[in-house]
Amino acid sequence: MKKTLFASASALVLGTAASAQVVGFSQIGSESGWRAAETTVTNQQAEERGIDLQFSDAQQKQENQIAAVRSFIAQGVDAILLAPVVATGWDAVLEEAKEAEIPVVLLDRMVDSDPSLYLTAVGSDLVHEGEVAGQFLVDQVGDEPCRVVELQGTTGSSPAIDRATGFRNAIEGHDNIEIVQSQTGDFTRAQGKTVMEAFLQAENGGADICALYAHNDDMAVGAIQAIKEAGLKPGEDVTIVSIDGVPDLFQAMAAGEANATVELTPNMAGPAFDALQAYWDNGTEPPKFIQTESRLYTQSDDPQGEYDRRKDLGY
Ligand code: GZL
């Protein structure tokens, strides 16, 4: 319990106030609309619970995240939230947090460390998201030949690894569907556009591209711009399927310029704080993985309405 000094007219009175739990949050950065929404929602969830959230933006660098976690440990925070930019290289710092008896909760991405090194992980089934996206395309193209270009997420991140796996699982056995180009766009609009421009150039100006699978909506939105600048109609000449469910993708869908997205909730912090509260109050050990839902949205799912419902949520 934090001791608080209350200055009074006659004397200093040492008292104790019901002190807020202090939680350190090492956030990856602000690479996408979804990431921005996750940060917004995490701050809202902390405020609603009276949690003192210490925020650190790593600007996409793992070394900054490791330094932030070490700083939180030195501060003696009550818990640490970590959205790990990549899956490897976390053992040492997670050991240090465990040594300091500070629970760590992973948000939206996974690490390859032993699960004993973190309290729980809150996230979607990333492989399933890729499978849902792939199945959409399988259903869309039937037996027609379809050359697919793939914009992958951040190299070495669990969503890039797992969403690639899931999509390939879904198209396996459908030999008419072939991934002909695959490259990272690092989850950003700008790189999604740049890499898509290279794909278009490599694929006969885009005439040989049937579909784009983007590991997140932001790269898809960037690619849509490149497809238009190449004189093609996104959503018609090139079928576009991606993941996150951000407002701008719904807006593109409403304009017929995108075909499907798999929604990822930005509210990973709610389940994380619930698990932490039970742990703080009663020592309750949560399951090692708390899964959030994934849902497919297509052009027949009122994309304009979905845009309107999301446009003010901090994306
Ligand atoms: C996935 C999450 C990804 C989002 C991207 O759980 O880590 O990171 O899909 C974000 O928008 O960059």
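Computed from a predicted structure; not experimentally measured. (Residues numbered from 1 in each chain as written. Predicted model: local features only at pLDDT ≥ 70, side-chain atom pairs only at ≥ 80, totals over all residues. Heavy atoms only, no water.)

A volume near 190 Å³ is recorded for the largest pocket. A per-element tally of the lining of the largest pocket places helix α3 (residues 91-99) first, with 3 residues. For the lining of the largest pocket, the residue count by class is 9 nonpolar, 1 polar and 4 charged. (1 Å grid on protein atoms, 1.4 Å probe; cavity = no way out; pocket = protein on both sides within 12 Å on 5 of 7 lines; lining within 4 Å. Points joined across faces, edges and corners; volume = space filled by probe spheres on them. Helix = DSSP H or I, 4+ residues; strand = E, 2+ residues; numbered from the N terminus. Nonpolar A, V, L, I, M, F, W, Y, C, P; charged D, E, K, R; others polar.)

Time to look at the domain arrangement of the protein. Each domain of the protein was delimited in the assignment, giving domain 1 (9-123 + 265-284) and domain 2 (126-264 + 298-312). Listed as interface residues are 13 residues of domain 1 and, on the opposing side, 15 residues of domain 2. Across the domain 1/domain 2 interface, buried area totals approximately 990 Å², and carbon plus sulfur atoms make up 60% of it. Per-residue buried area on domain 1 facing domain 2 is highest for Glu-31, Trp-34 and Arg-109; these three make up 42% of the total on that side. Across the domain 1-domain 2 interface, the total number found is 0 salt bridges. Taken together, domain 1 and domain 2 are joined by 4 residue pairs in polar contact (both at pLDDT 80 or more). Across the side of domain 1 that touches domain 2, the residue classes tally to 7 nonpolar, 3 polar and 3 charged. (Domains from an automatic or database assignment. Contact = heavy atoms within 4.5 Å. Buried area = accessible area lost by both parts, 1.4 Å probe. Salt bridge = Lys/Arg side-chain N within 4 Å of Asp/Glu carboxyl O. Polar contact = N/O pair within 3.5 Å; in protein donor to acceptor, adjacent residues only side chain to side chain.)

It is worth spelling out the packing of aromatic side chains at this point. Here the structure, examined in full by the defined rule, presents 3 aromatic pairs. Aromatic pair Phe-167 and Tyr-213: ring centres 4.1 Å apart, planes at 10 degrees, arrangement stacked. One end of the pair, Phe-167, is in helix α5 (residues 158-171); the other, Tyr-213, is in strand β10 (residues 211-214), with 46 residues separating them in the sequence. Accessibility classification places Phe-167 together with Tyr-213 in one group, the buried group. The positively charged end of Lys-288 is found above the aromatic ring belonging to Tyr-118, 5.6 Å away from the centroid. Across from the ring centre of Tyr-297, 5.2 Å away, lies the NZ or CZ of Arg-310, which sits over that ring. (Phe/Tyr/Trp six-rings, centres within 6.5 Å; stacked < 30°, edge-to-face > 60°. Buried < 20%, exposed > 50% of the residue type's maximum accessible area, 1.4 Å probe, protein only. Lys NZ or Arg CZ within 6 Å of the ring centre and 35° of its normal.)

Let us now look at a negative patch on the surface. A contiguous patch of negative charge on the surface is contributed by Asp-91, Glu-95, Glu-99, Glu-101, Asp-112 and Asp-114. Tracing the chain through its elements places Glu-101 in the loop between α3 and β6 (104-107). In this structure Glu-101 comes out as exposed when scored by relative accessible area, which is 73%. (Patch = residues over 30% accessible without salt bridge, like charges linked within 9 Å, V, L, I, M, F, W, Y side chains within 5 Å. Areas by Shrake-Rupley, 256 points an atom, 1.4 Å probe, with all protein chains shown as cover. Lys, Arg positive; Asp, Glu negative; His and termini not counted. Charge placed at Lys NZ, Arg CZ, Asp CG, Glu CD.)

Read from one edge of the open sheet, 6 strands run β4-β3-β5-β6-β7-β13, paired in parallel fashion. Edge positions in the sheet fall to β4 (52-57) and β13 (289-292), since each has one partner strand and no second. Between one strand and the next, the sheet's axes are offset by a mean angle of 15 degrees, whatever the strand orientation. Sheet topology places strand β3 (residues 22-27) next to strand β5 (residues 79-82); 4 bridges connect them, and they run parallel. Bridge pairing links Phe-25 to Leu-81 in β5. (Pairing = 2+ DSSP bridges. Axes fitted to C-alpha atoms, helices over the stretch in contact; angles between N-to-C directions.)

Taken together, the 6 strands give an open sheet; going across it, the order is β9-β8-β10-β11-β12-β14, and neighbouring strands pair in mixed fashion. Where the open sheet ends on each side, the last strands, each with one partner, are β9 (177-184) and β14 (294-298). The average angle at which neighbouring strand axes cross in this sheet is 15 degrees, direction not considered. Relative to β10, strand β8 (residues 146-152) runs parallel, the two sharing 4 bridges.

The next subject is the UniProt feature "domain: Periplasmic binding protein" (unreviewed entry) in the protein. Those places that UniProt annotates as "domain: Periplasmic binding protein" (unreviewed entry) correspond, in this numbering, to residues 24-278. For residues 24-278, the end-to-end C-alpha separation is 18 Å, with 45% helix and 21% strand making up the annotated structure. (UniProt positions renumbered as here; feature names shortened; annotations may be inferred.)

Before going further, it helps to spend a moment on the site of the ligand. Neighbouring the ligand are 13 residues; Glu-31, Asp-108, Arg-109, Arg-163 and Asp-244 lie closest to it. One of the side-chain nitrogen or oxygen atoms of Glu-31 is found 2.5 Å away from an oxygen atom of the ligand. Between the ligand and Arg-109 there is a distance of 2.7 Å, counted from an oxygen atom to a side-chain nitrogen or oxygen. Most atoms of the ligand, that is more than half of them, are within 2 Å of grid points of the largest cavity. Elements with a contribution of two residues or more to the shell around the ligand: α1 (33-48) and α5. Class assignment for the residues of the shell around the ligand results in 5 nonpolar, 2 polar and 6 charged. Looking at which domains feed residues into the shell around the ligand, each of domain 1 (9-123 + 265-284) and domain 2 (126-264 + 298-312) supplies at least three. (Near = heavy atom within 4 Å. Sits in = over half its atoms within 2 Å of the grid points.)

Residue position: Thr-292 is located in strand β13. Residue classification places Thr-292 among the buried residues on the basis of a relative accessible area of 7%. Within polar-contact distance, the side chain of Thr-292 engages the backbone nitrogen of Ser-124 at 3.3 Å. Dropping the residues within four chain positions of it, Thr-292 is found in contact with Val-122, Gly-123, Ser-124, Thr-265 and Met-268.

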